[in-house]
Amino acid sequence: MVSLTITGSSSAQTLANPPGTLAETLPGAPQMQQPAQTFAPASRQMVIPPPRKYAQVIEPGQTAETFSAPDKIVFSFTEVARPITLLPALYSASYEQLFQTDPKYGNDAGAYGEKLGAALLRRATLRVFSDGIFAAAFHQDPRYYRVVDGSIVHRGLLSASQAFIRRGDNGDEQINYSGLVGRAASAALVVTYYPQPSVTGRVVELTFATSIASDMGGNLVLEFLPNVIRKFPIMKKLRLE
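Just so it is clear, the model here is predicted, and its values are computed rather than measured.

Reading guide: rules and limits
One numbering rule holds for all chains: residues counted from 1, following each sequence as written. Local features are withheld for residues below a pLDDT of 70 in this predicted model, meaning they are given only at 70 or higher, and side-chain atom pairs are given and counted only at 80 or more; totals for whole chains, interfaces and linings count all residues. Processing note: side-chain calculations cover all non-hydrogen atoms of the structure and skip hydrogens and water entirely. Strands are runs of DSSP state E lasting at least 2 residues, helices are runs of H or I lasting at least 4, and numbering of each runs from the N terminus. Contacts were defined at the residue level, with two residues in contact if any of their heavy atoms lie within 4.5 Å. Multiply 1.5 Å by the residue count of a helix minus one, and that product is the helix's expected span. The buried label goes to any residue with under 20% of its type's maximum accessible area, the exposed label to any with over 50%, and the partly exposed label to all in between, with areas taken from a 1.4 Å probe on protein chains only. This arc is built from the directions going out from the helix axis to the C-beta atoms. Each aromatic pair joins two rings of Phe, Tyr and Trp (for Trp, the six-membered one) with centres within 6.5 Å, and gets the label stacked for planes under 30 degrees apart, edge-to-face for over 60, and tilted for any other angle. Look at NZ for Lys and CZ for Arg. If either is within 6 Å of the ring centre and within 35 degrees of the ring normal, a charge sits over the ring.

J.: Let's hear about the side chain of Arg183: which residues, and what values?
T.: Along the polypeptide, Arg183 turns up in helix 7 (residues 177-189). If near-sequence neighbours (up to four positions away) are discounted, Arg183 is found in contact with Leu126, Arg127, Ser130, Phe208, Ser211, Ile212 and Asp215.

J.: How would you summarise helix 3 (residues 69-81) if you had to cite specific residues and measurements?
T.: Taking 1.5 Å as the rise per residue, helix 3 with 13 residues should run 18 Å; its terminal C-alpha atoms sit 19 Å apart, in good agreement. Along helix 3, the residues that are buried comprise Asp71, Lys72, Phe75, Ser76 and Glu79. Around the axis of helix 3, the buried residues are gathered within 140° of arc, so they sit on the same side. Looking at helix 3, the residues exposed on the side facing more than 90 degrees away from the buried face are Pro70 and Ala81. Buried residues in helix 3 make contact with helix 5 (109-137).

J.: Give me the lowdown on helix 6 (residues 152-161), citing residues and values where you can.
T.: For helix 6, every residue scored as buried is listed here: Arg155, Gly156, Ser159 and Ala160. Buried residues of helix 6, viewed axially, fall in a sector of 125°; they line one side. Seen from the open side of helix 6, the exposed residues pointing more than 90 degrees away from its buried face are Val153 and Leu157.

J.: So, unusual backbone geometry: which residues are in play, and what are the values?
T.: In the segment running from Asp102 into Pro103, the intervening peptide bond is cis, with an omega of 5°. The residue Pro103 is located in the loop between helix 4 (86-99) and helix 5 in this model. With phi around 55°, Gln100 is a residue other than glycine that occupies positive phi space. If you trace the backbone, Gln100 turns up in the loop between helix 4 and helix 5. Phi at His139 is positive, roughly 55°, even though this residue is not glycine. Relative to the helices and strands, His139 resides in the loop between helix 5 and strand 2 (144-145).

J.: Explain the packing of aromatic side chains to me, and be specific about the residues and the numbers.
T.: By the definition in use, this model includes 8 aromatic pairs. An angle of 40° between the planes, with centres 5.8 Å apart, marks the rings of Tyr54 and Phe67 as tilted. You can see Tyr54 sitting in the loop between helix 2 (22-25) and strand 1 (57-58) and its partner Phe67 sitting in the loop between strand 1 and helix 3, a full 13 residues away along the chain. The exposure class assigned to Tyr54 is partly exposed, which follows from its relative accessible area of 21%. Ring pairs connect the aromatic residues Phe129, Phe134, Phe138 and Tyr177, which therefore count as one cluster. Residue placement shows Arg143 over the ring face of Phe67; its charged tip is 3.9 Å from the ring centre. Here Arg167 stacks its cationic end above the ring of Tyr145, 3.8 Å away from the centre of that ring.

Here it is as structure tokens:
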């Protein structure tokens, strides 16, 4: 009778608490672990937003929309309309006024205004020709692609070289036909609005060479200015576009 009671009690306890797996019952046995998570949670993954349609600068990892020919014309006019275009024009007019270089409009306040207007017109024709008309004709991408990775020298060289190398619409690197031909056309056009003393072949050649040098310098600004802005938060209010 006693043995039946004990047996029945043991069976009830066994049913109430079923045994675990063999690994759990053996002393010192390794326990099963959850597999390591190889990917960061979705909330922590960095998502690079696509650039605005007419953004001048394309960051690494961004997929830029392919421009049609009309898009390139519109893009060139957005470049002309950016407020930042006033800075190089003011510098150019001030330099010409100070050192009395071409175009020789004179040296009074009125002459300075004419030089400023000529500088703005040069930049406008350069952008419309290089990044609009001829970019469409040669099927090339007029936007600047930042390098970002590498040493300062490496980035600087690749940045400046974009004055001579430009991406095609198919993504391949090509000679910057649109930029070079566009700058040549813009330089040749100055003879139509420069004063007579400055209408010479030498002035046209110098204007073309200066525009190439300015393009290289502008690329360096587009490449490194974002780093400077991040280093000095007060400069975040400065916008390129």
